[in-house]
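# Notes for the structure review
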Amino acid sequence: GLAVDILNEAARRQAIHLVWVPIATGSMDDALSRGVVDAWPALSRTPARDKVLHFSKPWLESNYCLLSTQEAEITRENTAGVTLAVARSPRVAALASRFFPTADRRELPTNIEAMQAVCRGEAGASFLDATTLDAALLARPAGCEKAVFRVHFVPEASNPVSIAGRPGASALIDELRDGITPLITNGFFLRALDRWAGLSGAQARSYFELKEVETRASTYFFGLVLLLLGAGILFWQMTRQLAAKRRIRAAQKATADSESRFEAFMSHSPLVGFMKDEEGRLVYANSRFQEVFEPLLGEFLGKSDFDLWPAEVAAKIRADDVRVLSSGQSEETVDSVPGDGEPRTWLNMKFPFRMGDNAFLGGLSLDVTEREREKETTRLSEERFRRAFEHAMVGMAVNAPDGRFLRVNPALCAITGYSAEELLGMTFVSITHPDDLDSSARVRANALATGQTGFRVEKRYIRKDGRPVWVRVSVGIVRDASGLPASHIALTEDVTADKMAEELALLSERRWQLALNGSSDGIWDWDARENTVFYSNRYKEMLGYEDADLANVPEMWEMLLHPQDLVYAREMVSEHLLRRTPQYRAEYRLRCKDGTYKWVLARGAAIWDADGAPIRLLGTHTDITERKTAEEQLVYQAHHDPLTGLVNRRYLFEQLEAEMNRARSAGTALSLCISDLDHFKAINDREGHQAGDDVLKAFANILKEAIRKPDVAARMGGDEFCVVLPGTDDRQAIACLNRVRDRLESIAFGGNSGNVYGVTASFGVAELGAGETAADLIEAADRALYQAKREGRNAVGSREL
């Protein structure tokens, strides 16, 4: 992590592009020598490496320590005859030989395995890089879960590391190293070091010494109580107790420092970190966890996964945790949990550990949603290519640069008359008509020489039965990283019938031009072979465009389509091109030049070639805007009250039934409100019906402003109104209606007489109960309304379920 942060920042400032490559197997030296990578970020120098690699100036120093168990404490002074486990590395071997010449060295593949040898008692001590110890103390390797270690630093065994690489990359390596120096002066390097340093061996040692001192202190204290029986022994014990307290305070300070370092590490970690107890309750979460999940979960500490996540997600997470705790082994898991607007995928590294007699589970999580999405996109892309290849209506083939067929589809076999097995032993040259070989080769050679991405050629193939067939071949050139052709992807169409029909096509074209000039509708013509579209002048005039405003490309039609009609219009075209409908017919909206939309009736029919493939689609556009406007007006009038613009009684009952069904399915609340205006008849009689209408419209506007988009407000007739409130219990409904009541009461109305008067309303609310019908709910709300009237009007009445 530290190397990635530092080198990425240095490269960015030096305008050097770095590509990080994961090395799954093999050594660093092997990866560099084979050219798998150009450089290694942190490598120590040896005489052997100096002969084949280029090293920059050192940019980091690696420190080493001696690790042993508490029972067999090994220091630099007592390693004679001790089995010393070291990683298999020239540098580590040289340091171990220099500082521990009398030890019996045992080389193992990795530092972790050297540490495990100590835990298993196969080695008295191991000589480790301190950063390896940091990682091991956070996630204990197998066999070391309960080990208590002694750590002795060897300050003289520092190891300067450099950026190492192939000689050909030496200039860039040195430039990259020079870019690190400013990062040290401006503080970037130190911030990165703090972020990635984690625990240190010294802090870990202090932690274990603290536990030892605390244990001794407990023993001393217990002994003190017992020895109070003797005055002389009491004084001696008190002296020892005071010394123990001093040691405890020192150990507590070391522990506080260690915990402070740990908290700093976890607070600055880019990974989500957490700890759970054996029952699955969350007992610790780092700042990254809080940043990601607190807005979603709220208070989370002390809660289990079943308190925080949906049951299915929580069950899977808990099963993983139990398995890790039971096995005592670290494990990678993948979970999909709710996120901000969409589920997020997390890669977790979970590990068990113990503190005293209690078992805990720790974990670090990385958001891999984008990575999983890219993997799924790649898989779907490959699957779509495979399906398109196998089921394409045209012949498709993948050819090697020398022309050999590597893969063919059934359509190409049908065109050539050969089976797939036969074609895979041939080249495209072997089935090309002799008279067309030279012209075909010239087109291909020109495309390769000029760096084109592909080319197209018409020529004849010789079928297996000896008959020639005219084909149109579209070839895409796939190049490797060096720009050389790696393969060709060829699409082959049988155009024999097209060749024979060219003369007839010319005659048809003249007839077509006559039809264009005489039609009052907009006419369009899509050529499937060339993927071009012709739009008549009348087509463009209908939408207010000049002839030069619209390009003759299919994409122009899609750009003009109303976004809500795009999928439907495409489906109608596809249905006809697949011959599922006798003609193409659709009604949709097209954007005019002034930004408005016109409704058009599109009608058309396809022309097919001898193999049944569409080669053209021709049709007309008729302006039906006035008809559609009239239809929409009729629908609106059928559902809405003409005075207030609210929905009418019939539409409300339809919506009420639908919302009741949704509420029962989802297990959510639903409330119904019925209201009427207090003494409305007196307003009509005193101020006139126009004043009454103004009051009704004002009240309707208040309802529109007060309710949400999913809510439905209706005028039932006269001064009676009704509101359906999905997802709302009676308490919430009452609060909403009180705001409506207060707003209405605050308005001053003026009538024909010039008087200013106020208007109030009464409301009845009922929440949907179990087994109730729409009629039951309406009756309950109506009773609540009359309760409000009996209690003096200008109030909200409700029932208790």
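About the thresholds
Residues numbered from 1 in each chain as written. Predicted model: local features only at pLDDT ≥ 70, side-chain atom pairs only at ≥ 80, totals over all residues. Heavy atoms only, no water. Helix = DSSP H or I, 4+ residues; strand = E, 2+ residues; numbered from the N terminus. Buried < 20%, exposed > 50% of the residue type's maximum accessible area, 1.4 Å probe, protein only. Contact = heavy atoms within 4.5 Å. Areas by Shrake-Rupley, 256 points an atom, 1.4 Å probe, with all protein chains shown as cover. Core = buried A, V, L, I, M, F, W, Y, C linked by side-chain atoms within 4.5 Å. Disulfide = S-S within 2.5 Å. Salt bridge = Lys/Arg side-chain N within 4 Å of Asp/Glu carboxyl O. Polar contact = N/O pair within 3.5 Å; in protein donor to acceptor, adjacent residues only side chain to side chain. Axes fitted to C-alpha atoms, helices over the stretch in contact; angles between N-to-C directions. Parallel < 35°, antiparallel > 145°, perpendicular 65-115°, else oblique. Nonpolar A, V, L, I, M, F, W, Y, C, P; charged D, E, K, R; others polar. Pairing = 2+ DSSP bridges. Left-handed = near helix turned anticlockwise from the far one by under 90°. pLDDT = per-residue confidence, 0-100. Phe/Tyr/Trp six-rings, centres within 6.5 Å; stacked < 30°, edge-to-face > 60°. Lys NZ or Arg CZ within 6 Å of the ring centre and 35° of its normal. Expected span 1.5 Å × (residues − 1).

### Concerning the overall build of the chain
Scanning the chain for helices and strands turns up 29 helices and 29 strands. Of all 801 residues assigned to the chain, the portion counted as buried reaches 42%. Within the chain, residue pairs in contact and separated by at least 24 positions form 54% of the contacts whose partners lie at least 6 positions apart. Of the roughly 42,900 Å² of accessible surface on the chain, a fraction of 54% belongs to carbon and sulfur atoms.

### Remarks on the nonpolar core
By size, the foremost hydrophobic cluster in this structure holds 30 residues, and its most contacted members are Leu-677, Phe-699, Leu-703, Leu-744, Phe-749, Val-759 and Phe-763. Residue assignment for this core shows that the elements contributing at least two residues are strand E23 (670-677), helix H26 (680-687), helix H27 (689-706), strand E25 (720-726), helix H28 (730-745) and strand E28 (761-767). Of all hydrophobic cores here, the second largest spans 24 residues; its members include Val-533, Ala-569, Leu-590 and Leu-617.

### Comments concerning the state of the cysteines
As enumerated under the stated definition, the model contains one disulfide in all. What pairs with Cys-119 in a disulfide is Cys-144, and their sulfur atoms sit 2.0 Å apart. Note on the Cys-119 and Cys-144 pair: the S-S dihedral is about 110°, so by sign convention the disulfide is right-handed. Note that Cys-119 is positioned in helix H5 (residues 111-119) and Cys-144 in the loop between helix H6 (130-138) and strand E7 (149-165), a separation of 25 residues in sequence. Looking at the unpaired Cys-673, the closest cysteine sulfur is the one in Cys-722, lying at 6.9 Å. Left unpaired, Cys-736 is separated from the closest cysteine sulfur, that of Cys-673, by 8.2 Å. Among the residues examined, Cys-736 registers a relative accessible area of 9% and is labelled buried.

### Remarks on the pattern of salt bridges
Inspection of every chain in the model, using the stated rule, returns 47 salt bridges. Residue Arg-323 pairs with Glu-331 through a salt bridge whose shortest N-O separation is 2.6 Å. Assessed through its relative accessible area of 36%, Arg-323 is described here as partly exposed. Glu-587 is the salt-bridge partner of Lys-628, the closest N and O atoms lying 3.4 Å from each other. Of the two residues, Lys-628 sits in helix H24 (residues 625-639) while Glu-587 sits in strand E20 (residues 584-591), which places them 41 residues apart along the sequence. A network of salt bridges, in which partner residues are shared, links Lys-316, Asp-320, Arg-323, Glu-331 and Asp-335.

### Quick look at H5
Taken together, the buried positions of H5 are occupied by Asn-111, Ala-114, Met-115, Gln-116, Ala-117 and Val-118. Once H5 ends, the next one or two residues include Gly-121, with phi positive near 80°.

### Regarding the side chain of Ser-365
Turning to its location among the elements, Ser-365 is positioned in strand E12 (residues 358-367). There is a polar contact of 2.6 Å between the side chain of Ser-365 and the side chain of Asn-348. Apart from residues lying up to four places away in sequence, Ser-365 is in contact with Leu-271, Val-272, Phe-274, Trp-346, Leu-347 and Asn-348.

### Thoughts on the packing of helix H25 (residues 649-666) against helix H29 (residues 774-790)
Where H25 contacts H29, the axes come no closer than 10 Å and their chain directions differ by 105°. The orientation of H25 with respect to H29, classified from their angle, is roughly perpendicular. Of H29, the residues touching H25 (which contributes Phe-653, Leu-656, Glu-657 and Met-660) are Ala-774, Leu-777 and Ile-778. Taken together, the residues of the contact of H25 with H29 break down into six nonpolar, no polar and one charged.

### Remarks on unusual backbone geometry
One non-glycine residue, Arg-579, lies in positive phi territory at about 65°. Inspection of the secondary structure assignment puts Arg-579 in the loop between helix H23 (566-577) and E20. Even without being a glycine, Asn-794 presents a positive backbone phi close to 50°. Mapping Asn-794 onto the fold places it in the loop between H29 and strand E29 (796-798). Classification of Asn-794 as buried rests on a relative accessible area of 19%.

### Notes on the pairing of strand E16 (residues 468-479)
In summary, the side chains of a regular strand alternate between the two faces of the sheet. Alignment of strand E15 (residues 454-462) against E16, held across nine bridges, turns out to be antiparallel. By the bridge assignment for E16, Ile-462 is matched with Pro-468. Examined bridge by bridge, E16 and strand E17 (residues 485-494) share nine bridges and lie antiparallel to one another. The residue bridging Val-478 from the neighbouring strand is Ser-487, located in E17. Taking the residues that link successive antiparallel strands as the turn, the E16-E17 hairpin has five residues, and the phi of Gly-483 there is positive, at about 90°.

### A look at the packing of H27 against H28
Direction vectors running N to C along H27 and H28 enclose 140°, while the axes themselves pass 10 Å from each other. One way to sum up the angle between H27 and H28 is to call them oblique. Two packed elements cross with a definite hand, and for H27 against H28 that hand is right-handed. Only Cys-736, Val-740, Arg-743 and Leu-744 of H28 make contact with H27, whose side of the interface consists of Phe-699, Ile-702, Leu-703 and Ala-706.

### Some details on the confidence of the model for the chain
With 86% of its residues at a pLDDT of 70 or more, the chain has an overall mean of 82. For the chain, helix H10 (residues 201-227) is the element with the lowest average pLDDT, namely 39, and E25 is the one with the highest, namely 94.

### Some thoughts on the pairing of strand E19 (residues 532-535)
Side chains Val-533 and Tyr-535 project from E19 onto a buried face, and the interleaved Thr-532 and Phe-534 project onto a face without burial. The pairing of strand E18 (residues 522-527) with E19 spans four bridges and is classified as antiparallel. Its bridge partner lying in E19, Asp-527 is registered against Thr-532. In this structure, the hairpin formed by E18 and E19 is closed by a connection of four residues, where Asn-531 is found at a positive phi of approximately 55°.

### Some details on the sheet that holds strand E22 (residues 614-623)
Within a sheet, each strand pairs with its neighbour through backbone hydrogen bonds, oriented either parallel or antiparallel. Taking strand neighbours across the sheet as the criterion, the five strands line up as E19-E18-E22-E21-E20 in an open arrangement whose pairing is antiparallel. Pairing within the sheet leaves two strands with one partner each, and these edge strands are E19 and E20. Pairwise comparison of adjacent strand axes, ignoring direction, gives a mean angle of 25° for this sheet. Lying on the sheet, H24 is in contact with E20, strand E21 (597-608) and E22; it crosses E21 at an angle near 120°.

### A few points about the packing of aromatic side chains
In this structure the tally under the stated criterion is 14 aromatic pairs. Look at Phe-353 and Phe-360: their rings are 5.7 Å apart centre to centre, the planes differ by 20°, and that puts the pair in the stacked class. Every member of this aromatic cluster is reached through a ring pair, and the members are Phe-289, Phe-293, Phe-300, Trp-309 and Trp-346. Seen from the ring of Trp-608, Arg-579 lies directly overhead, with NZ or CZ sitting 4.0 Å from the centre. Sitting over the ring of Tyr-757, Arg-686 keeps its end group 5.5 Å from the ring centre.

### Considerations on the environment of Leu-617
Mapped onto the elements, Leu-617 comes out in strand E22. The spatial distance from the C-alpha of Leu-617 to the C-alpha of Val-573 is 9.2 Å, given a sequence separation of 44 residues. Excluding its chain neighbours within four sequence positions, the residues that come into contact with Leu-617 are Trp-524, Asp-525, Trp-526, Val-573, His-576, Leu-577, Ala-605 and Ala-606.

### Quick look at H27
Taking 1.5 Å of rise per residue, 18 residues should cover 26 Å, and H27 covers 26 Å from first to last C-alpha, within 8% of that figure. Along H27, the residues that are buried comprise Ala-691, Gly-692, Val-695, Leu-696, Ala-698, Phe-699, Ala-700, Ile-702 and Leu-703.

### Digging into the environment of Pro-101
Along the chain, Pro-101 falls in the loop between helix H4 (90-99) and strand E5 (104-108). According to the relative accessible area criterion, Pro-101 is exposed, its value standing at 57%. A C-alpha to C-alpha distance of 8.0 Å links Pro-101 and Ala-80, two positions 21 residues apart in sequence.

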